[in-house]
Amino acid sequence: MLDKLQSVEKRYEQLNELLSTPEIAADINKLRELSKEQASIRAIYEEYKKYAIVLTGLAEAKEILETENDEDFREMAKEEIKHFLTQQEILEQSLRVLLVPKDPNDEKNVIVEIRGAAGGDEANIFCGDLYRMYAKYAEAHKLKMELIEAFESQSGGFSQVSFLLKGRGAYSQLKYESGAHRVQRVPETESQGRIHTSTATVLVMLEIDDEITVVIKDNELKIDVYRSGGAGGQSVNTTDSAVRITHLPTGIIVTCQDGRSQHENKDQAMKVLRAKIYDAQLQKQQQEQAAVRQSKLGRGDRSEKIRTYNYPQNRVTDHRIGLTINQLDRIIEGKLDDIIAALQAEELSEKLQGGE
């Protein structure tokens, strides 16, 4: 750890010198690049400076204890050693956390797709409940929400709904939501009062920006245009503006019909297609890594049941980390912070234990 910290210190001070040169100041792109790099290691640098002061103080106090005969000075040195050892332990733990490599995608925007799965009408209603839960979470966390496509269900909710969430840290907060969400409750149409179990699947994908390259060739695409509303949508638009794009190599199909024009629908469909292809690539990488180290959070398996929402007992359980919260009424209103914080803490713990 000490070698890493000294390397960070050296690089931070080197960046300080570079950023003060006229050449860098005149190059806006280089200035932005180096400033971003320095900002990314500033917290480690500042914490290491505190750590170095503590180590110096500890060494001086130990020297006094070893060389001083005056009992008052020795007692003072003992108290200082105790204080510095406590500070050393706190700072070392803080530095270990700061040195864990950050996910480079954490600050990016996300595309979220929710589908009603097992359970028929009740699954679609639950899909709508999850959609509103994420909408309220997004509002509370200043994330901008843009609807991409919604297929409403006649019984309520959606058979499928997808949306874009924009804002700092969107991926870092929502990346744990991918998987199968299970609901246990008595449907309104259930006359016998029996509890039904239904599921909806959530897929969280990165919005592809300029920093991510996804190569899609024109000859790999099959593009169909059809009338909006003809594939399950509720749009009143009667022109042939809806777009369906099939990526032939992977078989991924994306449709979009809620835009105002064929061109807008095609652009949105391509955005979702790029996100899905990149997500498939990420899943493949994660599955390969899982062969070496099994991930407790199970982010590589979309079919895995990750969470249960039990309405009769007002309980939510996240099965990946064994977390149970008896406040479903709050969580379904978008108050997901406790669950997300626990998942983030578990991921950090795994990385620390794995020596990453």
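Located above this text is the structure these notes cover.
Rules used in this analysis
Residues numbered from 1 in each chain as written. Predicted model: local features only at pLDDT ≥ 70, side-chain atom pairs only at ≥ 80, totals over all residues. Heavy atoms only, no water. Helix = DSSP H or I, 4+ residues; strand = E, 2+ residues; numbered from the N terminus. Buried < 20%, exposed > 50% of the residue type's maximum accessible area, 1.4 Å probe, protein only. Core = buried A, V, L, I, M, F, W, Y, C linked by side-chain atoms within 4.5 Å. Contact = heavy atoms within 4.5 Å. Pairing = 2+ DSSP bridges. Axes fitted to C-alpha atoms, helices over the stretch in contact; angles between N-to-C directions. Patch = residues over 30% accessible without salt bridge, like charges linked within 9 Å, V, L, I, M, F, W, Y side chains within 5 Å. Areas by Shrake-Rupley, 256 points an atom, 1.4 Å probe, with all protein chains shown as cover. Salt bridge = Lys/Arg side-chain N within 4 Å of Asp/Glu carboxyl O.

Q: Lay out the environment of glutamine 14 in plain terms, naming residues and giving numbers.
A: With respect to the secondary-structure elements, glutamine 14 resides in helix H1 (residues 2-19). Take glutamine 14: its relative accessible area is 40%, and that puts it in the partly exposed class. The sequence separation of glutamine 14 and glutamine 38 amounts to 24 residues, and the corresponding C-alpha distance is 9.6 Å.

Q: So what's going on with the nonpolar core? Which residues, and what values?
A: If you look at the biggest cluster of nonpolar residues, it comprises 59 residues, and the most contacted ones within it are Ile114, Leu130, Tyr134, Leu273 and Tyr309. Each residue touching isoleucine 114, except ones within four places of it in the same chain, is listed here: Cys127, Leu130, Tyr131, Tyr134, Ser159, Gln160, Val161, Phe163, Ala200, Thr201 and Val202. Leu15, Ala61, Leu91 and Leu99 belong to the second-largest nonpolar core, a separate cluster that totals 20 residues.

Q: Go over the pairing of strand E10 (residues 315-318) with me, naming the residues and quoting the values.
A: Alignment of strand E9 (residues 305-310) against E10, held across four bridges, turns out to be antiparallel. Pairing of threonine 308 across the sheet is with threonine 317, part of E10. The antiparallel hairpin formed by E9 and E10 contains four residues in its connecting segment, where asparagine 314 sits at a positive phi of about 50°. Here E10 runs beside strand E11 (residues 323-325); their pairing, made up of three bridges, is antiparallel. Across the sheet, aspartate 318 pairs through a bridge with leucine 323, a residue of E11. The loop that links E10 with its antiparallel partner E11 comprises four residues; one of these, glycine 322, has a positive phi angle of about 65°.

Q: Let's hear about the sheet that holds strand E6 (residues 221-226): which residues, and what values?
A: Read across the open sheet, the three strands follow the order E6-E7-E8; overall the sheet is antiparallel. Unpaired on one side and paired on the other, E6 and strand E8 (252-256) mark the two borders of the sheet. On average, each strand axis in the sheet is inclined to that of its neighbour by 15°, with strand direction left out of account. Of the pairings in the sheet, the one linking strand E7 (residues 242-247) to E8 comprises five bridges and is antiparallel in character.

Q: Can you lay out a nonpolar patch on the surface for me, pointing to particular residues and giving the numbers?
A: A surface patch of nonpolar side chains, about 280 Å² in accessible area, is lined by Ile64, Phe73 and Met76. On the secondary structure map, isoleucine 64 appears in helix H3 (residues 28-67). On the basis of relative accessibility, which here comes to 34%, the residue isoleucine 64 falls in the partly exposed class.

Q: Describe in detail unusual backbone geometry, supporting the description with residues and values.
A: Even without glycine at this site, lysine 142 takes up a positive phi of about 55°. Residue lysine 142 is classed as exposed on the basis of its relative accessible area, which comes to 72%. The phi torsion at asparagine 314 lies on the positive side, around 50°, for a residue other than glycine. Looking at the element boundaries, asparagine 314 is found in the loop between E9 and E10.

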